[in-house]
Amino acid sequence: MTYNVLILGASYGSLFSTKLMMAGHNATLVCLPEEAQLINAEGTTVRITRRGASEPDLIHSSELSGTVKGMTPENVRVEDYDLIVLAMQEPQFRAPPVWDLLKRIAASGRPCLSIMNMPPLAYLRRIPGLNDEALKVNYTEPRVWDDFDPDNFTLCSPDPQAFRPPEEKLNFLHVGLPTNFKASVFGKEDHNVILYQLANDIEAARFKDNEIPVKLRVYESLFVPMAKWSMLLTGNYRAITKEGPRSIKEAVHHDLELSKEIYSWVDTVVQKLGADASDQVPFEKYANAALGLLKPSSAARAVFAGAPYIERVDKLVQTIASELGMSNPNVDTNVKVVDEKLAANQK
């Protein structure tokens, strides 16, 4: 069966759409008018390097069996789609056209797969014992998630590292770390049928007879995507310093013992919520991957480009830990640094 998938966010979302099109499914990228016009005229291109390959592959949407198109939020007919994927930054969802689209998505009952770093409140409501009222302070606009049935929502860890090179067009994405998407199951079995079918189709897909990295893996545990939290607080947010941005590699390897301590503490927070140790990624594996992350994180780039708001997974984890009676002075210090930088930007 061919599925039609609506993806909110044309930057990071173009990686997921490319994997869908390789597997024969169709994608619509919700984006700004200039992005939609470019995608509809020229398609999308993803640059990715296979394991062992000396040169990257340039995968253009025109070479794939599925189709892609760009569309602005107000023109979307939600009933035309089988699955909704959220691939925007959390602050973007409060924009009136996007918020209106979210209301229509919630009313439709369509399954929603989030590949945001910041887990939507609708997903966190599936975690027993979490006080979502206490968590709302960490969201730019928490009300955008009020209308969703939590069982229609699931979370996918955005482990692949990708960005738009500034010298390229808006329909171009470079994948720097081609790891897998790791999704938890939905609360409704009919939604899981779609999720598992997409995972199987992506696994079997080939490009010019080559296996392309970045697969979709599906897990029964609700906590597998939260393994990313340890990585974010150890590397991505610590790439934001008082002096300026630094690479994720430097953030992690400047003081490896401190990084390991922060990483383990976040792992413990997630385990207190109910995660099993097997749901998480060993620090050594992450530290090795961080050796190849030679640029500042997207959060660091945004902060030092003057963004007034970014996704605050660091504060979310801090708040959840506080609710569990836990704290970490190093995490608290870095949260304060990010707070101060954003406060200056907001002025």
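See above for the structure.
Residues numbered from 1 in each chain as written. Predicted model: local features only at pLDDT ≥ 70, side-chain atom pairs only at ≥ 80, totals over all residues. Heavy atoms only, no water.

A. Expanded view of the packing of helix α12 (residues 313–323) against helix α13 (residues 329–346). It is at 10 Å that the axes of α12 and α13 come closest, and there the two elements cross at 135 degrees. Classified by the angle their axes make, α12 and α13 are oblique. In terms of crossing hand, the pair formed by α12 and α13 is left-handed. Contacts between α12 and α13 involve D314, K315 and Q318 from the first element and D332, V335, V338 and D339 from the second. (Axes fitted to C-alpha atoms, helices over the stretch in contact; angles between N-to-C directions. Helix = DSSP H or I, 4+ residues; strand = E, 2+ residues; numbered from the N terminus. Parallel < 35°, antiparallel > 145°, perpendicular 65-115°, else oblique. Left-handed = near helix turned anticlockwise from the far one by under 90°. Contact = heavy atoms within 4.5 Å.)

B. Geometry of α12. Within the sequence span of α12, burial applies to V313, D314, L316, V317, T319, I320 and A321. The secondary structure elements touched by the buried residues of α12 are α4 (121–124), α5 (132–135), α7 (227–236), α9 (256–273) and α13. The positive-phi residue at the C-terminal boundary of α12 is G325, with phi of around 80 degrees. (Buried < 20%, exposed > 50% of the residue type's maximum accessible area, 1.4 Å probe, protein only.)

C. Main features of the sheet that holds strand β10 (residues 172–177). Spatially, β4-β3-β10-β9 is the arrangement adopted by the four strands of the open sheet, whose pairing is mixed. Strand pairing shows two members of the sheet lacking a second neighbour, β4 (57–60) and β9 (161–163), which therefore form its edges. Shown here is a sheet whose adjacent strand axes are inclined to one another by a mean of 25 degrees, direction ignored. For strand β3 (residues 45–48) and β4, the ladder comprises four bridges, and the chain directions are antiparallel. Its bridge partner lying in β4, V46 is registered against I59. (Pairing = 2+ DSSP bridges.)

D. How the structure looks around empty space enclosed by the protein. With the rule as written, the count across this model stands at two cavities of 30 Å³ or more. Each pocket or cavity is described by its volume, and for the largest cavity that value is around 50 Å³. Lining the largest cavity are L233, Y237, R238, I262, D314, N330, V331, N334 and V335. No other element matches α13, which puts four residues into the lining of the largest cavity. (1 Å grid on protein atoms, 1.4 Å probe; cavity = no way out; pocket = protein on both sides within 12 Å on 5 of 7 lines; lining within 4 Å. Points joined across faces, edges and corners; volume = space filled by probe spheres on them.)

E. Region of interest: the pattern of salt bridges. Throughout the structure, instances matching the rule amount to 21 salt bridges. A salt bridge links K182 to D159, with the nearest nitrogen and oxygen atoms 3.5 Å apart. Taken as a pair, K182 in strand β11 (residues 181–184) and D159 in the loop between β8 (153–157) and β9 lie far apart in primary sequence, 23 residues in all. No difference in accessibility class separates K182 from D159, as the two residues are buried. As a salt-bridge pair, R217 and E203 come within 2.5 Å of each other at their nearest N and O atoms. In this pair, R217 sits in strand β12 (residues 216–219) while E203 sits in helix α6 (residues 189–204), placing the two residues 14 residues apart along the sequence. Looking at R217, the relative accessible area reads 29%, which means it is partly exposed. What emerges from the salt-bridge pattern is a single network uniting E203, E211, K215 and R217. (Salt bridge = Lys/Arg side-chain N within 4 Å of Asp/Glu carboxyl O.)

F. Geometry of the layout of surface pockets. Approximately 800 Å³ is the volume attributed to the second largest pocket. Along its surface, the second largest pocket is lined by 30 residues, and L177, P178, T179, N180 and K285 are the ones closest to its centre. Counting residues per element, the ones that place at least two in the lining of the second largest pocket are α7 and α10 (283–290). Of the residues belonging to the lining of the second largest pocket, the class tally is 14 nonpolar, seven polar and nine charged. (Nonpolar A, V, L, I, M, F, W, Y, C, P; charged D, E, K, R; others polar.)

G. Highlighting the nonpolar core. L8, F93, W145 and W229 are the most contacted members of the largest nonpolar core, which totals 65 residues. Residues within four places of F93 in sequence aside, it is in contact with L8, L86, M88, V98, W99, L102, M116, V144 and W145. Counting 44 residues, the second-largest nonpolar core is a separate cluster that includes Y12, A27, L83 and L216. (Core = buried A, V, L, I, M, F, W, Y, C linked by side-chain atoms within 4.5 Å.)

H. Quick look at the pairing of β11. Here β11 shows two buried faces, one formed by F181 and A183 and the other by K182 and S184. Bridge count between β8 and β11: two bridges; the pairing is antiparallel. For C156, the partnering residue across the bridge sits in β11 and is A183. As paired strands, β11 and β12 are joined by four bridges and run parallel to one another. Considered in β12, the bridge of K182 is made with R217. Crossover β11 to β12 through α6 is right-handed. (Right-handed = clockwise from strand over helix to strand, strands pointing away.)

Limitation: the analysis is restricted to geometry and does not speak to function.
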